[in-house]
Amino acid sequence: MHETSHVPDAMGGSDFKSALKDHYGVTLKRFLKVFPIFAVMILLLFVTKSDYLLPLAIIGMFGSLISAVGFYARLSLIWRCSRVFRTYPMEFRGPIEKMHTEKRARSRLRLRFAQQADQSTTMLAKSVLGGNGWPAGIENGVWFAGDDPFGGAAVVPGTGELLFMQPNEWVLSAKERESAGEARIERARRAGIKKAVSYR
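Residues numbered from 1 in each chain as written. Predicted model: local features only at pLDDT ≥ 70, side-chain atom pairs only at ≥ 80, totals over all residues. Heavy atoms only, no water.

**Describing the overall build of the chain**
1) Next: If you tally the helices and strands in the chain, you get 4 helices and 7 strands.
2) Next: For the chain, the residues scored as buried account for 44% of the 200 residues in total.
3) Next: Residue pairs in contact within the chain that sit at least 24 positions apart in sequence constitute 65% of those at least 6 positions apart.
4) Next: As presented, the chain carries roughly 11,000 Å² of accessible surface, and 60% of it is formed by carbon and sulfur atoms. (Helix = DSSP H or I, 4+ residues; strand = E, 2+ residues; numbered from the N terminus. Buried < 20%, exposed > 50% of the residue type's maximum accessible area, 1.4 Å probe, protein only. Contact = heavy atoms within 4.5 Å. Areas by Shrake-Rupley, 256 points an atom, 1.4 Å probe, with all protein chains shown as cover.)

The structure is reproduced here in structure tokens:
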């Protein structure tokens, strides 16, 4: 079962406000499950003042840092999706042609909107909650908002998962972006997808 399949599916995926709210909630719950434990491991050292607890405190320090960085990264990605959804209308795009996932980061997916076969840009999609592999049913299509040469964001029907997307080969799409016209470029700027976004 896919790790994030428990995210509620609002209106078949087309209700982005509910999807954003659900993801903020899941992200906060995950953070509150682990961060307090690491924080207590650090506090124990100061309360007991025992040198024997130093290794435990070091683990707590690294755990707290990793938890906080992950929490911030997920919130940042949700916020990026929110900007896109509030700038572009959502449209159903499908079916999806699965390309492959990255070995080191299986939440980074390469895909194409298959109905455009030859001209479709290969997208690098990032699962907001860091799922392990492809969301269930994604091959049937997604609710997408954005502009292909710049990227966008999507909600997967059935799982309700958020994906942030941008062209896999950003440099190769440069000419298409430059010739998009002032209105499209300005819209992409407002949505926060005019420039390449680095995400891990």
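What follows picks up the thread again.
**Quick look at the packing of aromatic side chains**
1) Next: Taken as a whole and judged by the stated rule, the model has 5 aromatic pairs.
2) Next: On the numbers, 5.1 Å between centres and 65° between planes, the contact of Phe 113 with Phe 144 is edge-to-face. Residue Phe 113 is located in strand S3 (residues 108-113), and its partner Phe 144 is located in strand S5 (residues 142-147); the two are separated by 31 residues in the primary sequence. Each member of the pair Phe 113 and Phe 144 is classed as buried.
3) Next: A network of ring pairs unites the aromatic residues Phe 31, Phe 35 and Phe 71 as a single cluster. (Phe/Tyr/Trp six-rings, centres within 6.5 Å; stacked < 30°, edge-to-face > 60°.)

**Points about the confidence of the model for the chain**
1) Next: Overall, the predicted model of the chain reaches an average pLDDT of 86, with 86% of residues at or above 70.
2) Next: Predicted confidence for residues 1-12 stays below pLDDT 50, and this span has 36 contacts to residues more than four positions away or in other chains. (pLDDT = per-residue confidence, 0-100.)

**Things to note about helix H1 (residues 16-48)**
1) Next: Here H1 contains 33 residues, and its C-alpha end-to-end distance of 48 Å stays within 8% of the 48 Å for a straight helix at 1.5 Å per residue.
2) Next: Roughly 25° is the biggest bend found in H1, and it falls at Leu 32, with proline Pro 36 one to four residues downstream.
3) Next: Among all positions of H1, only Phe 16, Ala 19, Leu 20, Asp 22, His 23, Val 26, Thr 27, Phe 31, Met 41 and Leu 45 are buried.
4) Next: Where the residues of H1 are buried, they touch helix H2 (54-87), strand S6 (151-155) and strand S7 (162-167).
5) Next: At the exit of H1 stands Lys 49, carrying a positive phi of roughly 55°. (Expected span 1.5 Å × (residues − 1). Bend = angle between axes of the 7 residues up to and from the residue.)

**Side note on the side chain of Asp 148**
1) Next: Here Asp 148 shows up in the loop between S5 and S6.
2) Next: A polar contact of 3.0 Å, which involves the side chain of Asp 148, links it to the side chain of Arg 93. (Polar contact = N/O pair within 3.5 Å; in protein donor to acceptor, adjacent residues only side chain to side chain.)

**A look at the packing of H1 against H2**
1) Next: Closest axis-to-axis distance for the H1/H2 pair is 8 Å, and the angle between their directions is 165°. Between H1 and H2, the crossing angle belongs to the class labelled roughly antiparallel. The element H1 and its partner H2 pack so that their crossing is left-handed.
2) Next: Here the residues of the contact of H1 with H2 sort into 25 nonpolar, 7 polar and 4 charged. (Axes fitted to C-alpha atoms, helices over the stretch in contact; angles between N-to-C directions. Parallel < 35°, antiparallel > 145°, perpendicular 65-115°, else oblique. Left-handed = near helix turned anticlockwise from the far one by under 90°. Nonpolar A, V, L, I, M, F, W, Y, C, P; charged D, E, K, R; others polar.)

**Topic: a nonpolar patch on the surface**
1) Next: Side chains of Leu 54, Ile 58, Met 61, Phe 62 and Ile 66 sit close together on the surface and give an oily, nonpolar patch of about 500 Å² of accessible area.
2) Next: Note that Leu 54 resides in helix H2.
3) Next: Judged by relative accessible area, which is 43%, Leu 54 ranks as partly exposed. (Patch = residues over 30% accessible without salt bridge, like charges linked within 9 Å, V, L, I, M, F, W, Y side chains within 5 Å. Salt bridge = Lys/Arg side-chain N within 4 Å of Asp/Glu carboxyl O.)

**Some words on the side chain of Asp 147**
1) Next: Counting through the fold element by element, Asp 147 comes out in strand S5.
2) Next: Using a relative accessible area of 12% as the deciding quantity, one classes Asp 147 as buried.
3) Next: Apart from the residues lying within four places of it in its own chain, the contact partners of Asp 147 are Tyr 88 and Arg 184.

**Focus: the pairing of S3**
1) Next: Summarising burial for S3: 5 of the 6 residues are buried, a large majority.
2) Next: Where S3 lies against strand S4 (residues 123-127), 4 bridges are found, and the strand directions are antiparallel. When the sheet's bridge partners are listed, Arg 108 is paired in S4 with Lys 126. (Pairing = 2+ DSSP bridges.)

**Overview of the pairing of S5**
Moving residue by residue along a regular strand, the side chains alternate between the two faces of the sheet.
1) Next: Burial analysis of S5 places 5 of its 6 residues in the buried class, the great majority of the element.
2) Next: With 3 bridges joining them, strand S1 (residues 91-93) and S5 adopt antiparallel strand pairing. Looking across to S5, one finds that Arg 93 is bridged to Val 142.
3) Next: Here S5 runs beside S6; their pairing, made up of 5 bridges, is antiparallel. Considered in S6, the bridge of Asp 147 is made with Gly 151.
4) Next: The hairpin turn running from S5 into S6, its antiparallel successor, is 3 residues long.

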